[in-house]
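Chain and residue survey
What follows is the residue order along each chain.
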Amino acid sequence: MSITIYHNPACGTSRDVLGLIRATGEEPRIIEYLKTPPNRDELAGLIARMGIPVRDVLRRKGTPYDELGLDNSELTDDQLLDAMMAHPILINRPIVVTDQGVKLCRPSEAVLDMLTSPQREAFAKQDGEAVIGAHGNPIARPTP
């Protein structure tokens, strides 16, 4: 399986997703998008393949989102893409591409639906929350 992750190594969720991918024995293609951002067409294509609005890919925390007035509902998708091109930190992460599709993997467990290889070992997020049990099975979460 081919896996690509648009990754920010400073982001805990992104590191957790990378860990979950690697726990299958797969080594993804890692694109540190702050160093090598996707071009406009690539980003627009990823968003289209995710089937979500451009606005849903914007990251607010730790970005110039507020200063740029990106909460303005009258901004077009093109204007939002322009902002992400000018400030790649605005691109929410991690975005994962597999044969199963493209997904913004927040929370990190969202990547599990995209992986065809089973988890081979226990895995806990960086905050200590166990996600995968000792035999590679996802740990069931109580529904609220």
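Relevant structure appears above.
Below or above, wherever it landed, is the structure these notes cover. (Residues numbered from 1 in each chain as written. Predicted model: local features only at pLDDT ≥ 70, side-chain atom pairs only at ≥ 80, totals over all residues. Heavy atoms only, no water.)

**Brief notes about the overall build of the chain**
- Helix and strand counts for the chain come out as three helices and six strands.
- Each helix and strand of the chain, ordered N terminal to C terminal, gives the series β-α-β-α-α-β-β-β-β.
- Taken over the C-alpha trace, the chain has a radius of gyration of 16 Å; the compact-globule value for 144 residues is 15 Å, and the two agree within 12%.
- Seen through its principal axes, the chain has C-alpha atoms that stretch 50 × 35 × 25 Å.
- When burial is assessed residue by residue, the chain has 44% of its 144 residues classed as buried.
- Counted over contacts in the chain with a minimum sequence separation of 6, partners at least 24 positions apart contribute 57%.
- With an accessible surface of roughly 7700 Å², the chain has 48% of that area assigned to carbon and sulfur atoms.
- Across the chain, the 16 positively charged side chains and the 20 negatively charged ones have centroids separated by 4 Å. (Helix = DSSP H or I, 4+ residues; strand = E, 2+ residues; numbered from the N terminus. Rg over C-alpha atoms; globule rule 2.2 N^0.38 Å. Buried < 20%, exposed > 50% of the residue type's maximum accessible area, 1.4 Å probe, protein only. Contact = heavy atoms within 4.5 Å. Areas by Shrake-Rupley, 256 points an atom, 1.4 Å probe, with all protein chains shown as cover. Lys, Arg positive; Asp, Glu negative; His and termini not counted. Charge placed at Lys NZ, Arg CZ, Asp CG, Glu CD.)

**Digging into the pairing of strand S1 (residues 4–7)**
- Alternating residues of S1 divide into Thr4 and Tyr6 and Ile5 and His7, and every residue in both groups is buried.
- The β-α-β motif built from S1, the intervening helix H1 (residues 12–22) and the parallel element strand S2 (residues 29–32) has right-handed crossover chirality.
- Sheet topology places S1 next to strand S3 (residues 95–98); three bridges connect them, and they run antiparallel. Within S3, the residue paired with Tyr6 across the bridge is Ile95. (Right-handed = clockwise from strand over helix to strand, strands pointing away. Pairing = 2+ DSSP bridges.)

**Some words on H1**
- Along H1, the residues that are buried comprise Ser14, Asp16, Val17, Leu18, Gly19, Leu20 and Ile21.
- The elements touched by buried residues of H1 are S1, S2, S3, strand S5 (123–124) and strand S6 (130–132).

**A closer look at the packing of helix H2 (residues 40–50) against helix H3 (residues 77–86)**
- Packing of H2 against H3 brings their axes to within 10 Å, and their N-to-C directions diverge by 120°. By the criterion of interaxial angle, the relationship of H2 to H3 is oblique. In the packing of H2 onto H3, the handedness of the crossing is right-handed. Residues Arg40, Leu43, Ala44 and Ile47 of H2 form the contact with H3, whose participating residues are Asp78, Leu81, Asp82, Met84 and Met85.
- Classifying every residue of the contact of H2 with H3 gives six nonpolar, no polar and three charged. (Axes fitted to C-alpha atoms, helices over the stretch in contact; angles between N-to-C directions. Parallel < 35°, antiparallel > 145°, perpendicular 65-115°, else oblique. Left-handed = near helix turned anticlockwise from the far one by under 90°. Nonpolar A, V, L, I, M, F, W, Y, C, P; charged D, E, K, R; others polar.)

Note that all results are geometric; they support no functional claim without further evidence.
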